[in-house]
Amino acid sequence: MRRRSVLLAGALAGIAGATATARSASAWPGPQITVAADGSGDVRTVQAAVDAVPSGNTGPFTVKIRPGTYHGQVVIPADKPGITFRGQGPDPSAVVICDDRANGTLKPDGTPWGTSGSASVTISGSDFSARNLTFANTFDEAAHPEITNRQAVAVLTRADRIVFDNVRFLANQDTLYLNSPDAAVVSRVYLRKCWIEGDVDFIFGRATAVLDRCGIHSLDRGSATNNGYVTAASTSLANPHGFLLTGCRLTSDCPPGSVFLGRPWHPSNDPDAVAEVTIRDSVLGAHIGAAPWSDFGTWPWRDARYGEYHNRGPGALPGADRPQLTVAPTIADYLSGADGWDPVH
C-alpha cells in the first residue's frame with residue numbers, strides 16, 4: 001500500500017472530540033483515527049470513524065480498530081475513497097465488525113432488508129483496504145424459523161481496487177458479496193491469505209476478484225448430498241475475468257461429495273450475466289464431488305465459464321464434468337486493468 005509522511009493534528013469535522021494525528025510513513029498511511037469501544041480511542045464505533053473521514057478524501061486515511069466486537073452496520077460511501085481498516089489485535093479474531101440481519105429481516109417500516117441491505121459492511125469507496133480483523137454476519141438461522149429468505153451478507157463491495165489482507169469473513173448464506181456499481185462497470189478486489197466461510201453461494205457477485213492463498217471453508221448444513229455452493233458468480237459477458245482462486249485450500253466437515261464449487265447466478269434472469277470462475281493450484285477437500293459445478297434453476301452450468309488448473313487433493317479428481325485449462329491465468333490477468341493496478345507488490 002502507499003505510504004507517506006503526514007503531520008496532522010486537530011479535530012476532524014463532523015465528529016466532536018475526534019482527533020487525527022500523524023505517524024511516520026512506515027507505520028500508518030495518511031492521517032488516522034482510533035476506534036475503541038471502551039472510550040479510550042477517538043471514537044467508539046467504526047461508523048463514527050468513517051463519518052469522520054472528509055467527503056472527497058484524496059489520500060490514504062487509516063482507521064485503527066482496537067480489540068473488541070463492534071456491532072452495527074457500517075457503510076463506506078463512494079465519496080470517501082482511500083480508507084484503511086487496521087485491526088490492532090494479535091490476530092484477526094481480536095477485532096470483529098458484525099451485524100445480524102438477513103434478507104428477510106424486517107425494517108422498522110415492515111419491509112424486508114433484502115440481500116444487499118443485510119450486509120454488515122457495505123464498501124462503496126474505492127481504494128479501500130482492511131487488514132487483521134473479522135467481518136461477520138451473525139444472523140441466527142435456527143432462532144428465526146419464520147424468516148425464509150436467509151441471505152445474510154458479511155461484506156458487500158461496490159468499488160474498485162479493494163484489498164483484504166489476513167481478514168476473516170464469517171456467515172452462512174451469501175457471506176461475501178463482491179459486486180460493482182453497475183453491470184457495465186468492472187470493479188476489482190484482491191484477497192490475500194483470508195478466511196471465508198459459509199454454505200450457500202458464499203462467494204458471489206459480478207466483481208473481478210482474486211482469492212490468493214485463502215482458506216475457504218464450507219459449513220455443514222446437515223445434508224448427506226447437498227451442503228451448498230462455494231461460488232455464485234454473475235460476471236458480465238463482456239468481462240473475461242470473474243473469480244480466480246489461486247493457491248487456496250478448500251476445507252469442510254461436510255460429507256464427501258456434498259459441496260459444489262459453484263453455480264451460475266443470473267440476477268433478474270439476466271442472460272448476459274455469465275459466471276466466470278477459475279480455480280488453480282489449490283487443494284480441494286473430499287467435500288467437493290466429482291461433478292463440482294451445478295445448474296442454477298434453468299441456467300445450466302455448462303454455459304458458464306468454469307475451469308480448473310493443476311488442483312490437487314481428494315476433491316480434485318479429474319473427470320468429464322471438470323473443465324481443465326491448459327494455460328494458467330495469472331493474478332495480473334485479472335487485476336492489472338488499464339491502470340496497471342498491482343496490489344501484490
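Here the structure is a predicted model, which is why all the values come from computation and not from measurement.

### Thoughts on the pairing of strand 1 (residues 32-35)
Consideration 1: Side chains of strand 1 alternate between two faces, with Gln32 and Thr34 and Ile33 and Val35 buried alike.
Consideration 2: Here strand 1 runs beside strand 2 (residues 61-65); their pairing, made up of four bridges, is parallel. Bridging from a neighbouring strand, Ile33 pairs with Val63 of strand 2.
Consideration 3: Crossover strand 1 to strand 2 through helix 1 (residues 46-52) is right-handed.

### Notes on the confidence of the model for the protein chain
Consideration 1: Looking at the protein chain as a whole, its pLDDT mean stands at 92, while 92% of the residues score no less than 70.
Consideration 2: In the model, residues 1-26 has pLDDT below 50 throughout and makes 52 contacts with residues more than four positions away in sequence or in other chains.

### A few points about the nonpolar core
Soluble globular proteins: nonpolar side chains tend toward being buried together.
Consideration 1: Counting residues in each nonpolar core, the largest one holds 63 residues, and the members touching the most others are Phe85, Phe135, Phe164 and Ile216.
Consideration 2: No other element matches the five residues that helix 1 contributes to this core.
Consideration 3: Counting seven residues, the second largest nonpolar core, distinct from the first, contains Val163, Leu244, Leu335 and Trp341.

### Looking at the environment of Gly315
Consideration 1: Its place among the elements puts Gly315 in the loop between strand 23 (305-309) and helix 3 (331-335).
Consideration 2: For Gly315, a relative accessible area of 0% puts it in the buried group.
Consideration 3: With 238 residues separating them along the chain, Gly315 and Pro77 place their C-alpha atoms 40 Å apart.
Consideration 4: Apart from residues lying up to four places away in sequence, Gly315 is in contact with Leu284, Gly285, Ala286, Ile288, Gly289 and Arg322.

### Things to note about the packing of aromatic side chains
Consideration 1: With the rule as written, the count across this model stands at ten aromatic pairs.
Consideration 2: Cluster of aromatic residues (ring-pair linked, three or more members): Phe85, Phe128, Phe135, Phe164 and Phe169.
Consideration 3: The ring of Trp113 has Arg101 lying over it, and the distance from NZ or CZ to the ring centre is 4.2 Å.
Consideration 4: Lying over the aromatic face of Trp113, Lys107 brings its terminal NZ or CZ to 5.4 Å of the ring centre.

### Some details on the sheet that holds strand 14 (residues 200-205)
In any sheet, the strands associate via hydrogen bonds between backbone groups, in a parallel or an antiparallel arrangement.
Consideration 1: Across the sheet, which stays open at both edges, the seven strands sit in the order 4-7-9-11-14-17-20 with parallel pairing between neighbours. Two strands lie at the open edges of the sheet, namely strand 4 (74-76) and strand 20 (260-262), each paired on one side alone. Between one strand axis and the next, the sheet turns through 15° on average, direction left out of account.
Consideration 2: Note that strand 9 (residues 155-157) and strand 11 (residues 176-178) share three bridges and pair parallel. Within the sheet, the bridge partner assigned to Leu156 lies in strand 11 and is Tyr177.

### What to know about unusual backbone geometry
Consideration 1: Although it is not a glycine, Asn132 adopts a positive phi angle of roughly 60°.
Consideration 2: You can see Asn132 is positioned in strand 8 (residues 129-137).
Consideration 3: On the basis of relative accessibility, which here comes to 15%, the residue Asn132 falls in the buried class.
Consideration 4: Despite not being glycine, His310 shows a phi value in the positive range, around 55°.
Consideration 5: You can see His310 is positioned in the loop between strand 23 and helix 3.
Consideration 6: The class of His310 is exposed, set by a relative accessible area of 51%.

About the thresholds
- Residues numbered from 1 in each chain as written.
- Predicted model: local features only at pLDDT ≥ 70, side-chain atom pairs only at ≥ 80, totals over all residues.
- Heavy atoms only, no water.
- Buried < 20%, exposed > 50% of the residue type's maximum accessible area, 1.4 Å probe, protein only.
- Helix = DSSP H or I, 4+ residues; strand = E, 2+ residues; numbered from the N terminus.
- Pairing = 2+ DSSP bridges.
- Right-handed = clockwise from strand over helix to strand, strands pointing away.
- pLDDT = per-residue confidence, 0-100.
- Contact = heavy atoms within 4.5 Å.
- Core = buried A, V, L, I, M, F, W, Y, C linked by side-chain atoms within 4.5 Å.
- Phe/Tyr/Trp six-rings, centres within 6.5 Å; stacked < 30°, edge-to-face > 60°.
- Lys NZ or Arg CZ within 6 Å of the ring centre and 35° of its normal.
- Axes fitted to C-alpha atoms, helices over the stretch in contact; angles between N-to-C directions.

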